[in-house]
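# An overview of the molecular structure
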There are 2 protein chains.
Amino acid sequence: MTSKATPMFEARASGQSSLSIVLGLIHEHRAITRSEICAITGLSRSTVAKLLTTLVNLGFASDTGAEQIDRVGRPSMGVDASKELLAISVHPEVDYLEVKAVAFNGTIVHSEKRLYDEPIGAHQAVEDMVQVIDNLVAELETSDTSYRILGIGVIVPGQINSSTGIVRQAPHLQWSEFPIRDLLTQRLSMPVFVANDASLGCKAEMAYGAAKGATDVVYMHGTSGIGGGVFMNGTELKGFRGYAGELGHMRISSGKELDYSGIQGTLEALVRRDDLEAVLGLKNVSDEDLEVALLNNRTPESTALARKQIEALGIATANLANIFNPEVFVLAGFLRFLYRFDQNYFHRVIKKHAIPAVLEGMQVFVNELGANSLAIGASELVFQEAIADPTRYATRVK
Amino acid sequence: MTSKATPMFEARASGQSSLSIVLGLIHEHRAITRSEICAITGLSRSTVAKLLTTLVNLGFASDTGAEQIDRVGRPSMGVDASKELLAISVHPEVDYLEVKAVAFNGTIVHSEKRLYDEPIGAHQAVEDMVQVIDNLVAELETSDTSYRILGIGVIVPGQINSSTGIVRQAPHLQWSEFPIRDLLTQRLSMPVFVANDASLGCKAEMAYGAAKGATDVVYMHGTSGIGGGVFMNGTELKGFRGYAGELGHMRISSGKELDYSGIQGTLEALVRRDDLEAVLGLKNVSDEDLEVALLNNRTPESTALARKQIEALGIATANLANIFNPEVFVLAGFLRFLYRFDQNYFHRVIKKHAIPAVLEGMQVFVNELGANSLAIGASELVFQEAIADPTRYATRVK
DNA sequence: TTTAGTTTGTCTAGGCAGCATACAAACAAG
DNA sequence: CTTGTTTGTATGCTGCCTAGACAAACTAAA
């Protein structure tokens, strides 16, 4: 009733319908009142009421009774995001396949992990995915709750074109030119979405983690190699063919060290997880163990290596700060250990290599979301699609 | 009447009103027929007719008679973009101040250059701008045509926050923390917009030059230093505070060479215009003369230097390709001379340092627009604002 | 307990953008 | 001159949203 011009414009600037905007709010907040929706969107009470009835009829939300007290005026009625609409996340890795089910209200409904002794091929991985998902569907159907699956989100640890759904190159899995999306769609007869793992991690941290509320975010994820995700002005940087964000291959040194792609002097060649393991006398340990060892058993050798890696990471960060002028920089995976090892040194390196203007107000965080980070990101792939066009994903027509 | 879903969605995705979309088309095409507008936007003929009458009434366009022949059916009526609505571009540099007037239909109506023997301060520059523009306004008012100025676009060779309008640092001009937009707005009582020079060059090349039609573009401009502009998915990369695109400060080598900001091993430190001049025995020559000398008087020394610089430029380009996966890469300023010096070597360097996926379909061009490039970019700042909300910039109400 | 003030939900009428349809106008080709 | 094609114009309709009036549900004060 008061300020409506600004929020309306902001909401409309993204070009969505009001139905999508309201549904997005419900999904983001999990639970929200009608009056809050009015205030945020600038829509009138009558419009919000009408939109909510259609959303409830479509099964995306459910009405709850009047909420809060202790304030003057009639209490506003609330809506909850559905607990029954699900997205299934699928994460193939070298030595495991992880499948989770995430509800529209963010709860993890199901989680399972299949371990492998030796790497399996791409086609066998698809077979396993289909099997696990078929079993999961059967299990969910026997449940008391009437679940409904909106789609599948596949987390790909490698270069993937999210438009065509073809894995271009996944070095660790040793997949290449593999049309994973179409194969899965064919077998599962459900909408399937695919994206790079770092991109999904960034998406999740922005929605519910360290970068919540920020619109300009650079995310770097260290596993074996170093992957990246970038969001500018709230939207993901995809590039022409969808391969944008290969931050690990940035060359920052004239040195001769080679990375996994055989390129010299890159970030990935200078900042290596297995080097850290080696200097600590470890091999193939979990992230948790590596972090503890690195931070607590400091030797002259490990300190020297860590500082060398921190310097390289700092230079890369400074480069990216100059290029993107981000609001938030998120370090995930083993990069967070480096940051925690000596964050003062890290910031000194950045300060030395970035122009002052881009560092004003820039914040560096480590990832907040833990094991479910990628699954949440993958579920967002599915949910954002449903939010963009809720009527296509209708469940009950009533 | 046939396909309407797709273009509608595309046009609406940017969140503009139909009025803005149609006005944008008129501006982009300079002259266009009603039926073409229908085909591109997917709007119905009646809607287009209604929108056009309001745009003509607002003074943005004028009806022309029926055009083209040789086709079956009633010939479609055309509209021309106004020749009377102007944007004024202002370009302060170390040794000159250049002011141009660009009409809504793209024609350069006026152009003047004031030369300086020695650098003038920021405040004196503003005085000069006001003086030149006041004179220009007086001159335009005596003209036969009834011109009307929509706003001013200032081209800033340095770091500027386009939201606050404050020049953060312009190293060559030696300005810093200078609120140029507010000062000019105060003195001129017109809308004033400001942006970085490379960003405007990129904007112009995308609208009417080498990158026409592309949506994912990286642009590098070599003058004294190296500036950059990046557009992803059609919109400019601004970053948190608007300083994104400082591509020249990217560190790509462990060498000790310093750039203008005192940072080691950066692109700007390795690729220097004055080094090229020096090796050719020149000093302070024009771009044209430098290009002729570099390409035609090849000595072993100049070739060695050029190749060294091409290698650095190629590494930087590869880094940016990995990061952005652009569709088009534009080299402007003296960087285009390097490209022309040995473009095969340049491409070989890129191929060595970029991952194959991001190079598929990527094209490298030199800038096409000449002396008016920046003025056109600056005029776009003004015109895009007017296009976004035509009613606010109304001239005749009729 | 009563009263006043505040905030919210619901209903109705209406504005506005855009579409489909019908019809007239202006062209080419036979 | 007729036919077929394409475009401009006028009319009524639909869908989305708002404003305003009213009722409902709460707090705070008398």
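Anything mentioned here points back to the structure above.
Just so you know, these numbers come straight off a predicted model, no measurement behind them.

## As for the sheet that holds strand β11 (residues 192-196) of chain A
Residues and elements named next belong to chain A. The five strands are arranged β6-β5-β4-β7-β11 in an open sheet whose pairing can be described as mixed. Strands at the two margins of the open sheet, each flanked by one partner only, are β6 (108-115) and β11. Taken over all neighbouring pairs, the strand axes of this sheet differ in orientation by 20° on average, direction set aside. As judged from the seven bridges shared by strand β5 (residues 96-103) and β6, these two strands associate in the antiparallel manner. Note that in β6 the partner of V99 across the bridge is E112. Helix-sheet contacts for helix α5 (residues 122-141) involve β4 (85-92), β5, β6 and β7 (148-156), and the interaxial angle to β5 is about 35°. Packed onto the sheet, helix α7 (residues 197-208) meets β7 and β11 and runs at close to 95° relative to β11.

## Observations concerning the pairing of strand β4 (residues 85-92) of chain B
For a regular strand, side-chain orientation follows a simple rule: the groups alternate between the two sheet faces. Residue and element names in this part refer to chain B. For β4, the buried fraction is high: eight of the eight residues fall into the buried class. Relative to strand β7 (residues 148-156), β4 is paired through six bridges, and the arrangement is parallel. In the strand pairing of β7, S89 is matched with G153. Both β4 and strand β5 (residues 96-103) contribute to a ladder of seven bridges, which runs antiparallel. In the strand pairing of β5, L86 is matched with A103.

## Here we look at the protein's contact with DNA strand C
Near DNA strand C you find 25 residues, and of these R34, S35, G73 and R74 of chain A together with S18 of chain B are the closest. Of all the secondary-structure elements, those providing two or more residues to the surface near DNA strand C are α3 (34-41) and α4 (45-58) of chain A together with α4 (45-58) of chain B. The biggest single contributor to the surface near DNA strand C is α4 of chain A, with three residues. Residue classes in the surface near DNA strand C are distributed as eight nonpolar, eleven polar and six charged.

## Considerations on the interface of chain A and chain B
Each partner contributes residues to the interface: chain A has 41 residues there, and chain B has 41 residues. Looking at the side of chain A that touches chain B, the elements with two or more residues in it are α1 (5-13), β9 (166-170), α11 (300-324) and α14 (356-359) of chain A. When residues in the side of chain A that touches chain B are grouped by element, the largest group, five residues, is from α11 of chain A. Here the side of chain A that touches chain B is composed, by residue class, of 18 nonpolar, 15 polar and eight charged.

## Let's talk about the nonpolar core
Counting 239 residues, the largest nonpolar core has V154 and V330 of chain A together with V154 and V330 of chain B as its most contacted members. The contacts of V154 of chain B, once residues within four sequence positions are left out, are V90, I180, L184, V192, V194 and A378 of chain B.

## What to know about the protein's contact with DNA strand D
Around DNA strand D, a shell composed of 25 residues is seen, among which S18 of chain A together with R34, S35, G73 and R74 of chain B lie nearest. For the surface near DNA strand D, the element with the most residues is α4 of chain B, which contributes three residues. Taken together, the residues that form the surface near DNA strand D break down as eight nonpolar, eleven polar and six charged.

## Some details on the sheet that holds strand β2 (residues 61-66) of chain B
Residue and element names in this part refer to chain B. On the basis of which strands lie adjacent, the open sheet formed by three strands has the order β1-β3-β2 and antiparallel pairing. The open sheet terminates on both sides in strands that have one partner only, identified here as β1 (31-33) and β2. Between one strand and the next, the sheet's axes are offset by a mean angle of 30°, whatever the strand orientation. In this sheet, strand β3 (residues 77-81) lies alongside β1 in antiparallel orientation, the contact comprising three bridges. In the sheet register, T33 faces β3, and the bridge partner there is G78. The sheet strands contacting helix α3 (residues 34-41) are β1 and β3, and the helix crosses β1 at an angle near 80°. Its contacts with the sheet place α4 against β2 and β3, and it is angled at close to 120° to β2.

## Section: unusual backbone geometry
Within the chain, Q174 of chain A stands out as a residue other than glycine whose phi angle is a positive 60°. Accessibility expressed as a C-beta count within 10 Å gives 12 for Q174 of chain A, which makes it exposed. With a phi angle near 55°, N233 of chain B is a residue other than glycine that sits in the positive phi range. With respect to the element layout, N233 of chain B can be found in the loop between β13 (226-232) and β14 (235-236). The partly exposed category is assigned to N233 of chain B, around which 16 C-beta atoms lie within 10 Å.

## Here's the deal with the relation of the copies chain A and chain B
Of the transformation placing chain A onto chain B, the axial shift is 0.0 Å and the rotation is 180°, giving an RMSD of 0.1 Å. Classification of the inter-copy transformation places it as that of a two-fold axis. Of the interface residues in chain A, 100% have counterparts in chain B that sit at the interface too, so the contact is made through matching surfaces.

## Some details on the environment of L290 of chain A
All names here are of chain A. Checked against the element boundaries, L290 lands in helix α10 (residues 287-296). Accessibility expressed as a C-beta count within 10 Å gives 18 for L290, which makes it partly exposed. Sequence separation between L290 and E277 is 13 residues, and the spatial gap between their C-alpha atoms is 7.0 Å.

Thresholds, definitions, all that
Residues numbered from 1 in each chain as written. Chains lettered and ligands numbered in written order. Predicted model: local features only at pLDDT ≥ 70, side-chain atom pairs only at ≥ 80, totals over all residues. Pairing = 2+ DSSP bridges. Helix = DSSP H or I, 4+ residues; strand = E, 2+ residues; numbered from the N terminus. Axes fitted to C-alpha atoms, helices over the stretch in contact; angles between N-to-C directions. Contact = placed C-beta atoms within 7 Å. Buried ≥ 20, exposed ≤ 12 C-beta atoms within 10 Å, placed from the backbone. Near = placed C-beta within 6 Å. Nonpolar A, V, L, I, M, F, W, Y, C, P; charged D, E, K, R; others polar. Core = buried A, V, L, I, M, F, W, Y, C linked by C-beta atoms within 7 Å. Least-squares fit on C-alpha atoms with pLDDT ≥ 70 in both.

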